[in-house]
Amino acid sequence: MEQMKKIQEFLAPELQRLNAVIRETLHTPNRMMDSIVQHYLEKKGKQIRPILVILSARMFGEAGADVIQAGAALEMLHNASLIHDDIVDETSLRRGVETINARMGNHIAVLVGDFFVSNALAAGIKTGDVRVVRALSDLGKELSLGEIDQICNAREHTLEEVSYFGMIRQKTASLFMNCVRMGAELGGAGEEDLRRLTRYAELLGLCFQIRDDIFDYFEDTEVGKPTGNDLREGKVTLPLLYALRVSPEEEARPMRDLLLAGELGKEDIDRLIAFAHRHGGIEYAYARMREMQAEASKILESFPDSEPKRAFAAIFDYIIERKF
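Nothing here was measured: the structure is a model prediction, and the numbers come from that model.

What counts, and where the lines are drawn
Starting from 1, residues in each chain are numbered consecutively following that chain's sequence as written. In keeping with the predicted nature of the model, local features appear solely for residues at pLDDT of at least 70, side-chain atom pairs appear and are counted solely at 80 or more, and the whole-chain, interface and lining totals rest on all residues. Side-chain calculation: all heavy atoms of the structure are included, whereas hydrogens and water are not. Runs of E in the DSSP output that reach at least two residues are strands. Runs of H or I that reach at least four are helices, and both are numbered from the N terminus. Multiplying one less than the number of residues by 1.5 Å gives the expected span of a helix. Burial classification: accessible surface area is computed with a 1.4 Å probe over protein chains only, and a residue below 20% of its type maximum counts as buried, one above 50% as exposed, and the rest as partly exposed. What the arc covers is the set of directions going from the helix axis to the C-beta atoms. Here, two residues are considered to be in contact whenever any of their heavy atoms come within 4.5 Å of each other. Each residue carries a pLDDT value, the predictor's own confidence for that position, ranging from 0 to 100. We call a pair of cysteine sulfur atoms a disulfide when they lie within 2.5 Å. Grid points spaced at 1 Å over the protein atoms alone were grouped into cavities, where a 1.4 Å probe fits but cannot get out, and pockets, open sets with protein on both sides within 12 Å along at least five of seven lines, with lining residues defined by an atom within 4 Å of a point. Grid points are joined across faces, edges and corners, and a volume is the space filled by probe spheres set on the points. Only the contacting stretch of a helix is used when fitting its axis, a line to C-alpha atoms as for every element, and angles between N-to-C directions run 0 to 180 degrees. Here is the rule for angles: anything less than 35 degrees is roughly parallel, anything more than 145 is roughly antiparallel, 65 through 115 is roughly perpendicular, and the remaining ranges are oblique. Charged means Asp, Glu, Lys or Arg here, nonpolar means Ala, Val, Leu, Ile, Met, Phe, Trp, Tyr, Cys or Pro, and polar covers whatever is left, Gly included.

(A) Fine view of helix α2 (residues 12-26). Taking 1.5 Å of rise per residue, 15 residues should cover 21 Å, and α2 covers 21 Å from first to last C-alpha, within 8% of that figure. All buried positions along α2 are accounted for by Glu14, Leu15, Leu18, Asn19, Val21, Ile22, Thr25 and Leu26. Projected down its long axis, α2 shows its buried positions confined to an angular sector of 155°, all on one face. Along α2, the residues that are exposed and aim more than 90 degrees away from the buried face are Gln16 and Glu24. Residues of α2 that are buried sit in contact with α1 (2-10), α3 (31-41), α4 (48-60), α5 (65-89) and α7 (106-125).

Written out as structure tokens, the structure is:
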């Protein structure tokens, strides 16, 4: 938490401008829509994604108006995906606040999510840079395909790490990669610097999702989803995938049978979670994150020392250590 607070303070002027752009862009004379949107915006998250856009630009130049517009566009697109995810997952709380679908129903929530998407594109167009618009378009496709891949893996009971990593790359890491690529391009980065920083963002995004998935194996947290929620939806994540791979077959087979059987009850979920813990699934997930962090640190070493570079390193620590 302390790392993110310092970064937010360092970027306070840019974040204030960015949030003003988001509020202005989403303002509408329609009282119902405006009320829903303003209520939604009151409870902001850490804004990691727009922070990545701004930091990337600051690594190579200034965070001008186009960078702020691009960051606002990505944040609105990200929020659209969260609103739509809440509908699909029937989520009632996010960041401790009642979701739009829980408060207003799915019909209204879909329309609000679509409104965020449209305004994300509008903000992107204001940069006058086709690279920004292209990135938003590509990202929308990647996020959708990542969710579809996750649904397919659940329905087809795909229990392979390679499929898991492919899915979380599209579902989560692609957003981090686009944030960094967009900011660095607008900041004037060269091709080689762009390639290295984008790889850093990919590692960061993968770790973000792995850490998010670990929450599912513990008691309820402020992240806003109950223990075992992923398993309840048929999503098998890294800790359990590892346990299924390394445990003796006589122990793994009943667990696979449970997953293949379909709908899981609380007792089944508790058994699967205990199995993942018993066979080192949580420790393995943390070890994979630390491996990725080591690679990311080497990438950062190749850049000159600067406040944005130190902030990038601090974000990685925050993502692995965060409690919600």
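(B) Just the confidence of the model for the protein chain, in detail. The predicted model of the protein chain has a mean per-residue pLDDT of 90, with 97% of residues at 70 or higher. Strand β1 (residues 93-94) is the least confidently modelled element of the protein chain, averaging 78 in pLDDT, while helix α15 (residues 281-301) averages 97, the highest of any element.

(C) Spotlight on the state of the cysteines. Per the stated rule, a full pass over the model turns up zero disulfides. Cysteine Cys207 shares no disulfide, and the gap to the nearest cysteine sulfur, in Cys179, comes to 16 Å. With a relative accessible area of 0%, Cys207 lands in the buried category.

(D) Region of interest: empty space enclosed by the protein. The full count for this structure, using the stated rule, is one cavity of 30 Å³ or more. Here the largest cavity defines a volume of roughly 170 Å³. The wall of the largest cavity is formed by 13 residues, among which Tyr40, Arg94, Val97, Glu98 and Thr99 lie closest to the centre. Mapped by element, the contributors of at least two residues to the lining of the largest cavity are α3, α5, β2 (97-98) and α6 (100-104).

(E) The packing of α15 against helix α16 (residues 307-321), seen in detail. Look at α15 against α16: their axes get within 11 Å of each other, and the N-to-C directions meet at 180°. Regarding the angle of α15 to α16, the classification is roughly antiparallel. Residues Tyr286, Met289, Arg290, Met292, Gln293, Ala296, Leu300 and Glu301 of α15 touch α16, and the partners they reach there are Lys309, Phe312, Ala313, Phe316, Asp317, Ile320 and Glu321. Residues belonging to the contact of α15 with α16 are distributed by class as follows: nine nonpolar, one polar and five charged.

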